[in-house]
Amino acid sequence: LTVNSSLGWRGTRFDKSLNPRGEVVDAGVMRTYFDMRTEVTGPRLVRIWTRPGGRYAERIKHLIEPSVEFRRLTAVDNYDRIVKYESGDYVIGGSLQTRYGVISRLFVKPSGDRAVSRELLNVTVYQTHYRDPRTSQFDPSYSTSFLGRPPSAFSPISINTSLIPAEGSRATVRLEYDPVIAAFQSISAGGSLRRGLVDVAGNFSRRRLLTGNNIFR
C-alpha cells in the first residue's frame, strides 16, 4: 500500500462581493480555507505474459490498482458573499469528500535489446461520495457539474479510457453514468494522429442533463 497526505492553505481576495440582497457591491472580501487530503493506493495486482518472437510485443504486463482519496475542506464562512464567476468560486467547504476507484493499465514491450515498455491501454473508473450533497453540484472532476444537477450524496460514475496503439496515435473515451437517474448522461470521445509534419485531431461530445434520458437512446 502507498499512503500520501498533504495539507494546503488557500486564500483569495475578491475586489467585489455580494450584499445580503444578492447584489454585487464594491466591497472586497477575503476567502480562506484549508485543504487536507490523504490518498491510499493499492494493493497492486500484476500479471505478466511473455511471448517470445511476438510480432507486436514479446512482453505484456497488466496492472490493476485500486485507490481511495479522502479530502476535507474547512468551512468557508462567507460563501454567500462570494461573487461566482468560475468553478473555483463555488468552494463550499466544511465537509468530507471520499473518492474511490480503480485503474486498469496494459503495457507492452516490443522485441529487441533497446525496446522500451509503453502503455497501450488505460481504463480508469471512479466515483465520489459527499458528506454535504451540495458539493456534488460543483465538483470540477465531473463534466455534468455546474449545470443544474440536483444535490446528491454520490457523483456520477466516471469511466475514462485511453488507447495508444502506436507512437503518435491516441484515442480517448469518457463516459459519465448517473446512478441517481440510472442513465448515461455524458460522453466525450477524441483521437489524434501524428505522422511527420502532419498532425490530425478530432473530438466529439454529447450531454443530456436533468432529463432522465440515456444519451444512447
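Residues numbered from 1 in each chain as written. Predicted model: local features only at pLDDT ≥ 70, side-chain atom pairs only at ≥ 80, totals over all residues. Heavy atoms only, no water.

A.B. asks: Break down the overall build of the protein chain for me, with residues and values.
C.D. replies: On a plain count of helices and strands, the protein chain comes out with 0 helices and 12 strands. Starting at the N terminus and ending at the C terminus, the protein chain contains elements arranged as β-β-β-β-β-β-β-β-β-β-β-β. Relative to the globule expectation of 17 Å for 217 residues, the C-alpha radius of gyration of the protein chain, 22 Å, shows a markedly less compact shape. Along the three orthogonal principal directions, the C-alpha set of the protein chain runs to about 75 × 40 × 40 Å. Within the protein chain, the proportion of its 217 residues that are buried is 31%. A sequence separation of at least 24 residues applies to 53% of the contacts in the protein chain between residues at least 6 apart. Counting every atom, the protein chain has about 13,400 Å² of accessible surface; 54% of that belongs to carbon and sulfur. The protein chain carries 32 positive and 20 negative side-chain charges, and their two centres are separated by 7 Å. (Helix = DSSP H or I, 4+ residues; strand = E, 2+ residues; numbered from the N terminus. Rg over C-alpha atoms; globule rule 2.2 N^0.38 Å. Buried < 20%, exposed > 50% of the residue type's maximum accessible area, 1.4 Å probe, protein only. Contact = heavy atoms within 4.5 Å. Areas by Shrake-Rupley, 256 points an atom, 1.4 Å probe, with all protein chains shown as cover. Lys, Arg positive; Asp, Glu negative; His and termini not counted. Charge placed at Lys NZ, Arg CZ, Asp CG, Glu CD.)

A.B. asks: Which residues make up the environment of G53, and what are the values?
C.D. replies: Relative to the assigned elements, G53 resides in the loop between strand 5 (45-50) and strand 6 (59-73). For the pair G53 and S162, spaced 109 residues apart in sequence, the C-alpha to C-alpha distance is 27 Å.

A.B. asks: Residues and numbers for the pairing of strand 9 (residues 157-163), please.
C.D. replies: Only one face of strand 9 is covered, namely the face carrying S158, N160 and S162; the face carrying I157, I159, T161 and L163 is uncovered. In this sheet, strand 9 lies alongside strand 8 (residues 118-130) in antiparallel orientation, the contact comprising 6 bridges. Within the sheet, the bridge partner assigned to L121 lies in strand 9 and is L163. Linking two consecutive strands that pair antiparallel, namely strand 9 and strand 10 (residues 169-178), is a turn of 5 residues; a positive phi of about 90 degrees is found at G168 within it. (Pairing = 2+ DSSP bridges.)

A.B. asks: Explain the nonpolar core residue by residue, including any values.
C.D. replies: Nonpolar side chains in soluble globular proteins generally cluster together in the buried interior. Counting residues in each nonpolar core, the largest one holds 6 residues, listed as Y33, L73, V76, Y79, V91 and I92. Sequence-distant contacts of V76, that is, excluding residues within four places in its chain, are made with R31, Y33, V91, I92 and G93. (Core = buried A, V, L, I, M, F, W, Y, C linked by side-chain atoms within 4.5 Å.)

A.B. asks: Report on the pattern of salt bridges, specifying residues and quantitative values.
C.D. replies: If you walk through the whole model with that rule in mind, you get 9 salt bridges. R134 is the salt-bridge partner of D132, the closest N and O atoms lying 2.8 Å from each other. What makes D132 buried here is its relative accessible area of 16%. Members of the salt-bridge network, linked through shared partners, are D35, R37 and R71. (Salt bridge = Lys/Arg side-chain N within 4 Å of Asp/Glu carboxyl O.)

A.B. asks: I'd like a rundown of the side chain of S17, residues and numbers included.
C.D. replies: Relative to the helices and strands, S17 resides in strand 2 (residues 17-18). A relative accessible area of 1% places S17 in the buried class. Apart from the residues within four sequence positions on either side, S17 is in contact with E23, V24, V25, A27, V29, R81 and V83.

A.B. asks: So, a nonpolar patch on the surface: which residues are in play, and what are the values?
C.D. replies: Taken together, the side chains of L7, W9, M30, F34 and M36 make up a nonpolar region of the molecular surface, amounting to roughly 520 Å² of accessible area. Listing elements by their share of the nonpolar patch, those giving two or more residues are strand 1 (2-14) and strand 4 (29-41). At 3 residues, strand 4 tops the list of elements feeding residues into the nonpolar patch. Inspection of the secondary structure assignment puts L7 in strand 1. (Patch = residues over 30% accessible without salt bridge, like charges linked within 9 Å, V, L, I, M, F, W, Y side chains within 5 Å.)

A.B. asks: Now, about the packing of aromatic side chains: what can you tell me, with residues and values included?
C.D. replies: Taken as a whole and assessed by the stated rule, the structure comprises 3 aromatic pairs. Here Y126 and Y142 contribute two aromatic rings whose centre-to-centre distance is 5.6 Å and whose plane-to-plane angle is 55 degrees, an arrangement assigned as tilted. In this pair, Y126 sits in strand 8 while Y142 sits in the loop between strand 8 and strand 9, placing the two residues 16 residues apart along the sequence. Exposure class is identical for Y126 and Y142. Each is buried. Ring geometry for Y177 and F184: centres 5.1 Å apart, planes at 65 degrees, overall edge-to-face. The ring of Y79 has K84 sitting right over it, with the charged end atom 4.3 Å from the ring centre. When the ring centre of Y126 is taken as origin, the NZ or CZ atom of R99, which lies over that ring, is 4.4 Å away. (Phe/Tyr/Trp six-rings, centres within 6.5 Å; stacked < 30°, edge-to-face > 60°. Lys NZ or Arg CZ within 6 Å of the ring centre and 35° of its normal.)

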